[in-house]
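As a plain string of letters, each chain reads:
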Amino acid sequence: MQNDGDVGTLQRLSPRKVLAHEAHDFTAWLEENIGVLGDVLGIDLTSVEREKSAGDFSADLLAENEHGSRVTIENQLEQTDHRHLGQVLTYLAVLDAEIAIWITADARPEHVSAVSWLNENAGGADFYLVKVEGVQVDGSRPAPLFTRIVGPSPETRSAEQTKQELDERDRVRYRFFDQLLGHVNVRTNRFDSISPKGRRGISASGGRGFGFGFSVSQRESRAYLYMHFGETQAVNDAAFEVFEGHREEIESHVDYDLEWIQDENRRRLIRHVVGTGYEDEGRWDQAHEQLARSMAQLEAAVGPYLEEARETADRHAKRAEPASSTS
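Computed from a predicted structure; not experimentally measured. (Residues numbered from 1 in each chain as written. Predicted model: local features only at pLDDT ≥ 70, side-chain atom pairs only at ≥ 80, totals over all residues. Heavy atoms only, no water.)

This paragraph deals with the pattern of salt bridges. Applying the stated criterion across every chain, the model contains 18 salt bridges. Salt-bridge contacts for Glu 281 lead to Arg 175; the nearest nitrogen and oxygen are separated by 2.9 Å. Of the two residues, Glu 281 sits in the loop between β12 (268-274) and α8 (284-302) while Arg 175 sits in helix α5 (residues 154-187), which places them 106 residues apart along the sequence. Measuring nitrogen to oxygen at the nearest pair gives 3.6 Å for the salt bridge that ties Asp 280 to Arg 283. Judged by relative accessible area, which is 39%, Arg 283 ranks as partly exposed. One connected set of salt bridges, linked through shared partners, spans Glu 244, Arg 247 and Glu 251. (Salt bridge = Lys/Arg side-chain N within 4 Å of Asp/Glu carboxyl O. Helix = DSSP H or I, 4+ residues; strand = E, 2+ residues; numbered from the N terminus. Buried < 20%, exposed > 50% of the residue type's maximum accessible area, 1.4 Å probe, protein only.)

Here we take up the side chain of His 111. With respect to the helices and strands, the residue His 111 is situated in helix α4 (residues 109-121). With a relative accessible area of 2%, His 111 lands in the buried category. A polar side-chain atom of His 111 sits 2.9 Å from a polar atom in the side chain of His 82. When neighbours within four sequence positions are excluded, His 111 is seen to be in contact with Thr 80, Asp 81, His 82, Leu 85, Trp 102 and Leu 129. (Polar contact = N/O pair within 3.5 Å; in protein donor to acceptor, adjacent residues only side chain to side chain. Contact = heavy atoms within 4.5 Å.)

Quick look at the pairing of strand β2 (residues 46-54) now. Bridge count for β2 against strand β3 (residues 57-64) is 6 bridges, and the pairing is antiparallel. Paired with Ala 54 across the bridge in β3 is Phe 57. (Pairing = 2+ DSSP bridges.)

That's the geometry; what it means functionally is another story.
Here you go:
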């Protein structure tokens, strides 16, 4: 073990006290010593070019990693700002790079969050935010010290992959509903003004308190009538019970099985389920025709009872209202 007298004292300096001018000193030094930065980030950086033209602008440095991917490097020997964030994104796009490195003397928390967000959401690109400062020991020659603040990780790459999978699922569901509406609009005009979406379902109004809709998951799809008289569960129950009172008549007008759903999640609906979801595209056409026919029959079967159910729900809601106070 060394004696206390053999151990130096580390001093931290402003990076401008080490390499005063950002372009002439720091960027020039980094071009010649790019391996120092690469070692901190775990990237083998080569083929460095300074002031690489990017349209009307120029990137501080452009390099390549060990796989031949382009790497843009933006230097800012001061606190991060929105202008430099914009430059980072501009150079990444214009120079067709896959990695962006933003070096700064002081990273604002907002920009740390922004770079983290980019790693999770900007598919195909990796972003690094790196702090640079000067250091010396007992008056030795000063040197730049790099510290990684934010960078890609297995977690962020997993989040990015999940987002890509979700985006693809949304595109598949959009196609499912787009093709379904072509079948539905031949049988009923209720969905004429409805556009396909990449979400779990699409719906059309059945008048106040009711909606008709379709939903799809991986392995099944559904046509349904649902009740939505606000958050009061008992009012939805009152409407649902009207249909149940006519259950025999309703089911006699459809040639498929109906499910009557009344559960703890406040769902009150009558639906028909088809055993084909968005993952089985080869059977979509058959499923779409069945769903369209189901919806047309369901509309006709419940139509005579919609107003009765609505009036019953309204009466129940009025009874549930607290009595108004009088002065």
